[in-house]
Amino acid sequence: METFDYVIVGAGSAGCVLTNRLSEDAGTRVCVLEAGPRDWHPYIHLPAGFIKTFHMRGINWAYQQEPGPWTGGRSIYAPRGKTLGGSSSINGHIYNRGQRQDFNTWAQLGNRGWGYEDVLPYFKRLERRVGEGEDAFRGRDGNLTVTTMDWRDPLCEAFMAGAISLGIPRNPDYNGAIQEGVSYAQRTIQNGLRVSAATAFLHPAMKRPNVHVHTHAHATEIVFEGKRAVGVRYTKGGKGGTPVEVRASKEVILSGGTYNSPQLLQLSGVGSPDLLKSLGIEVRHALPGVGEGLQDHYAPRSVARVKNIKTINERRRGVSLVGEAIKWATTRRGLLSLSPTMVYCFWHSGETTESSDLQLTFTPASYKEGVQGQLEDQPGMTVASWQQRPESRGYVRARSADPFEPPIIQTNYLVEELDRRTVVAGMKLARRLLASAPLAPYYAYEDFPGPNVQTDDEFLAAATQRGTTTFHPGCTCRMGPADAKWAVVDDQLRVHGLQGLRVIDASIMPRMISANLNASTMMIADKASDLIRGKSMS
Ligand SMILES: Cc1cc2nc3c(=O)[nH]c(=O)nc-3n(C[C@H](O)[C@H](O)[C@H](O)COP(=O)(O)OP(=O)(O)OC[C@H]3O[C@@H](n4cnc5c(N)ncnc54)[C@H](O)[C@@H]3O)c2cc1C
């Protein structure tokens, strides 16, 4: 049986950063277990490949959520990356850190060292910002290249002019001093190629002899000696494959993501005793917070039909697509080099709201049923709008003791009244933005939610019928003090009551942040690498 210093489960956003940092010391042996294959598929690296990888089962867990009380009986699709880079290999490339108050709130919940001033140096250390931004906030020497959308389209320009006409200012850097305002999206794309956590952090680390990455290695159980985690069992080749065990002389680190890390803890006997007993799993360590507290952003996508100009819908078909393919192959530019979202807008739902609680995105394209994955045939433009800091919470629970069975995912979107109110406010703002004067030359009519929707109740009904995930699940292994019954890890990300075991990924967020989660998940991993090694940036 092989023994390493650290065994990391999951080569996703967090796992890639951790592997890179922990292996800087040539004497430290790091083993990474990744359930998926290597990140060889070309659609991973082509930015527009997003629309293909969205459903590609070989590199995507392709989960389905349970219908919730406010999703109109629908089971919402939940893609998750299953390859080197994890979800950063299939995500929408947006780089967005969140607001100062997000991290200060984490600290106020009892987590020392996680306030904004503490985490900012890690955001900076990770990043190689190309473009606007003050050095006080932005990094220039890290592995992760962050660029600003460089494609110019009259519809995007008109959308931004429309936002300004409604009093929303242009913000040159939403990852700088303040988030509020409208601007082109910042993306993890360089020279027309995706910058995933794997390309930025794991592949360089894999050149080191002390890094051992096992793909097609599905972790099925944490191995314990008493209360100490000493290794991981995995199945080589997935279901029906060969069982293998690896040992960790220092620590086992779970970086399987918000859905899989709590599931693996539960399968290993760590979680709510009632749940474990109902599944026939022996209770090794009672920790009721495991899997509880799931949060996500819920977005209805408002669509208007477009006239007098071509949208991406028509430009990604037939002869136009061939032209775009040639352009990308020869210049690495054009439509195939773009992320699915072009413009970002952060604004508040009411005059008394202190910081922006709404995130809106604009794309000169539209999707069938409003779900990203299949472009519509007729010209369209979309404004997705969502509440930045929802209060609703759900859960992730193992469905059975079988590690190959997908977990139960219940996000409970919109169960809190504030969330319903804010989502309705977001849809109303989306309508005003699409109908603004600068967009008038191109605006044909509103397709969704449509002119018949006028009252708050009608907006809410539309939101429940067509809202979807924005793919930002977090908070299922929350960081908090030992006396908080919801907490799973402490502020060093060690699992409460156990030794040799940490969780380091998006699941440890105690509260949803005002952002897409990739940047902050990598920040969490970078900071955790210092916590593990007893280093600090201050
Ligand atoms: C379609 C989509 C679009 C998104 N768009 C954006 C965006 O534009 N910007 C943004 O900031 N965020 C975006 N996100 C979210 C962001 O990418 C994730 O929040 C982030 O990558 C999560 O990182 P993680 O390390 O927690 O988990 P992941 O990156 O999901 O990594 C978990 C890894 O663990 C592996 N794993 C899981 N279980 C096991 C097991 N039992 N054994 C072995 N390996 C296992 C998985 O295969 C995976 O590789 C998007 C996500 C998706 C899915």
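Residues numbered from 1 in each chain as written. Predicted model: local features only at pLDDT ≥ 70, side-chain atom pairs only at ≥ 80, totals over all residues. Heavy atoms only, no water.

(A) Structural detail: the sheet that holds strand S23 (residues 394-397). Spatially, S17-S23-S24 is the arrangement adopted by the three strands of the open sheet, whose pairing is antiparallel. Each of the sheet's edge strands pairs with one partner strand only, and the pair in question is strand S17 (292-294) and strand S24 (408-410). The average angle at which neighbouring strand axes cross in this sheet is 35°, direction not considered. (Pairing = 2+ DSSP bridges. Helix = DSSP H or I, 4+ residues; strand = E, 2+ residues; numbered from the N terminus. Axes fitted to C-alpha atoms, helices over the stretch in contact; angles between N-to-C directions.)

(B) Just the site of the ligand, in detail. The environment of the ligand is made up of 37 residues, and the closest members are Ser13, Glu34, Ser87, Ala219 and Asn518. For the ligand, a nitrogen atom lies 3.1 Å from a polar atom in the backbone of Ala35. In the model, a nitrogen atom of the ligand is placed 2.9 Å from a nitrogen or oxygen of the Gly92 main chain. Protein contact buries 98% of the 1,000 Å² of open area that the ligand shows by itself. (Near = heavy atom within 4 Å. Polar contact = N/O pair within 3.5 Å; in protein donor to acceptor, adjacent residues only side chain to side chain. Areas by Shrake-Rupley, 256 points an atom, 1.4 Å probe, with all protein chains shown as cover.)

(C) Representation of the packing of helix H1 (residues 13-22) against helix H14 (residues 518-533). Between H1 and H14, the shortest axis-to-axis distance is 8 Å and the interhelical angle comes to 35°. Where H1 crosses over H14, the handedness of that crossing is right-handed. Residues Ser13, Ala14, Val17, Leu18, Arg21 and Leu22 of H1 form the contact with H14, whose own contacting residues are Asn518, Thr521, Met522, Ala525, Asp526, Ser529, Ile532 and Arg533. (Left-handed = near helix turned anticlockwise from the far one by under 90°. Contact = heavy atoms within 4.5 Å.)

(D) Structural context of the sheet that holds strand S19 (residues 301-306). In spatial order, the strands read S7-S20-S21-S22-S19-S25; together these six strands make up an open sheet with antiparallel pairing. Looking at strand neighbours, the two that pair on one side only are strand S7 (181-184) and strand S25 (443-448), the edges of this open sheet. The mean angle between the axes of side-by-side strands here comes to 20°, regardless of whether they run parallel or antiparallel. With four bridges connecting them, S19 and S25 associate as antiparallel partners. By the bridge assignment for S25, Ala304 is matched with Glu446. Contacts between helix H6 (residues 154-165) and the sheet are confined to S7, S19, strand S20 (343-347), strand S21 (358-363) and strand S22 (380-387), with S7 contributing the most and set at about 165° to the helix. Relative to the sheet, helix H12 (residues 417-434) contacts S19, S20, S21, S22 and S25, its axis offset from that of S22 by approximately 150°.

(E) Molecular detail of the pattern of salt bridges. This structure, assessed with the given rule, holds 31 salt bridges. Here Asp5 ties to Lys250 by a salt bridge, and the two come within 3.8 Å at their closest N and O atoms. One end of the pair, Asp5, is in strand S1 (residues 3-9); the other, Lys250, is in strand S14 (residues 242-254), and 245 residues separate them in sequence. Residue Arg502 is joined to Glu251 by a salt bridge in which the shortest nitrogen-to-oxygen separation is 2.6 Å. Residue Arg502 is found in strand S27 (residues 501-503), and its partner Glu251 is found in strand S14; the two are separated by 251 residues along the sequence. As far as the burial class goes, Arg502 and Glu251 line up, both buried. (Salt bridge = Lys/Arg side-chain N within 4 Å of Asp/Glu carboxyl O. Buried < 20%, exposed > 50% of the residue type's maximum accessible area, 1.4 Å probe, protein only.)

(F) Structural detail: the packing of aromatic side chains. Counted under the stated rule, the structure contains 13 aromatic pairs. Arranged with centres 5.6 Å apart and planes meeting at 65°, the rings of Phe103 and Phe123 form a pair that is edge-to-face. Linking Phe103 in helix H4 (residues 100-108) with Phe123 in helix H5 (residues 116-126), this pair joins segments that are 20 residues apart in sequence. An identical accessibility class is assigned to Phe103 and Phe123; each is buried. (Phe/Tyr/Trp six-rings, centres within 6.5 Å; stacked < 30°, edge-to-face > 60°.)

(G) Inspection of the layout of surface pockets at higher detail. Considering only enclosed or pocket space, the second largest pocket measures out at about 390 Å³ in volume. Together, 17 residues line the second largest pocket, and Ser349, Leu418, Arg420, Arg421 and Thr422 are the ones closest to its centre. For the lining of the second largest pocket, the elements supplying multiple residues, two or more each, are H12 and helix H13 (456-466). For the lining of the second largest pocket, the element with the most residues is H12, which contributes eight residues. The residue inventory of the lining of the second largest pocket, partitioned by class, reads four nonpolar, five polar and eight charged. (1 Å grid on protein atoms, 1.4 Å probe; cavity = no way out; pocket = protein on both sides within 12 Å on 5 of 7 lines; lining within 4 Å. Points joined across faces, edges and corners; volume = space filled by probe spheres on them. Nonpolar A, V, L, I, M, F, W, Y, C, P; charged D, E, K, R; others polar.)

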